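Here is what each chain is made of, one letter per residue.
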Amino acid sequence: MNPANPELIRVVREDVLYVVSEWPNGTIADDELRRSSCVLRRLLTHSDLQRVWVTVAGKKDFVVPSTSIEIRDPKRLPEVDFATASPAESSPGNTVFAVLVYRKIQNGDEPIRLSSERLTPLRTYLSEKTMIVEGIPISRNDLVQFVANKLGGVHFDTVSQKPSEKALRALQ
């Protein structure tokens, strides 16, 4: 990874301060999430935050607390209607940490399992599966890309097909 130049360091610093000021408690309104998605996409999926971290701190791994969905039996994913592993505030004061909805009663080992919280390198965090919608696993990277590219954060796109289109379609 190439080191970040001073201009990128300045922009990433400003963007991190913007995100912290807009999401002081980790909560954000849907419309602001959509508007902020271009910043998140650049910081996270375009690796700008990681580049600046390596340049400034000298460490290769920027670590974050993480929970994720571990797929135990990929053949049985169609049995999962909906699952999420990350905290989400559904209404003020109500935080949902995990939701699992199966299409049929589980008898024996479940096809997925929620991991316990641990510190994870940012790159791994972004690629981990955080949702399953109608049997389709969705990573945090897929989610950021979907909001930025499909819901009007960066583009308002109802037509074009992207590489992880299957995951993006499930989110719609």
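Everything discussed here concerns the structure shown above.
Residues numbered from 1 in each chain as written. Predicted model: local features only at pLDDT ≥ 70, side-chain atom pairs only at ≥ 80, totals over all residues. Heavy atoms only, no water.

Enquirer: Looking at this structure, how should I read the pattern of salt bridges?
Expert: Opposite charge on two side chains makes pairing possible when the charged atoms of those side chains draw close. Tallied over the full model, the rule gives 10 salt bridges. Residues Arg42 and Asp15 are paired through a salt bridge, measuring 1.7 Å at the closest nitrogen-oxygen approach. With Arg42 in helix 2 (residues 30–45) and Asp15 in helix 1 (residues 6–22), this residue pair connects regions lying 27 residues apart in the sequence. Note on Arg42: relative accessible area 22%, which makes it partly exposed. (Salt bridge = Lys/Arg side-chain N within 4 Å of Asp/Glu carboxyl O. Helix = DSSP H or I, 4+ residues; strand = E, 2+ residues; numbered from the N terminus. Buried < 20%, exposed > 50% of the residue type's maximum accessible area, 1.4 Å probe, protein only.)

Enquirer: What is the right way to read the packing of aromatic side chains from this model?
Expert: What describes a pair of aromatic rings is the distance from one ring centre to the other and the angle between the planes of the rings. Summed over all chains, the structure comprises 1 aromatic pair. The interplanar angle of 80° and the centroid separation of 4.8 Å between the aromatic rings of Trp53 and Phe62 together place this pair among those described as edge-to-face. Above the face of the Tyr125 ring, Arg140 is positioned so that its terminal group lies 3.9 Å from the ring centre. (Phe/Tyr/Trp six-rings, centres within 6.5 Å; stacked < 30°, edge-to-face > 60°. Lys NZ or Arg CZ within 6 Å of the ring centre and 35° of its normal.)

Enquirer: Would you take a moment to explain the packing of helix 2 against helix 3 (residues 48–57) for this structure?
Expert: To characterise two packed helices, one gives the angle between the axes of the helices and the distance between these axes. Their axes nearest at 4 Å, the elements helix 2 and helix 3 cross at an angle of 50°. Judged on the interaxial angle alone, helix 3 and helix 2 are oblique. Of the residues in helix 3, those in contact with Arg42, Leu43 and Leu44 of helix 2 are Asp48, Leu49 and Gln50. Here the residues of the contact of helix 2 with helix 3 are counted per class, giving 3 nonpolar, 1 polar and 2 charged. (Axes fitted to C-alpha atoms, helices over the stretch in contact; angles between N-to-C directions. Parallel < 35°, antiparallel > 145°, perpendicular 65-115°, else oblique. Contact = heavy atoms within 4.5 Å. Nonpolar A, V, L, I, M, F, W, Y, C, P; charged D, E, K, R; others polar.)

Enquirer: Any chance you could explain the packing of helix 1 against helix 2 here in plain terms?
Expert: Orientation of helix 1 relative to helix 2, taken along the N-to-C sense of each, is 145°, at an axis distance of 11 Å. Every pair of crossing elements has a handedness; the one defined by helix 1 and helix 2 is left-handed. Across the interface between the two elements, Val11, Val12, Asp15, Val16, Tyr18, Val19 and Glu22 of helix 1 pack against Glu32, Ser36, Val39, Leu40, Arg42 and Leu43 of helix 2. Along the lines of polarity and charge, the residues of the contact of helix 1 with helix 2 split into 8 nonpolar, 1 polar and 4 charged. (Left-handed = near helix turned anticlockwise from the far one by under 90°.)

Remember, this is a structural readout, not a statement about activity or role.
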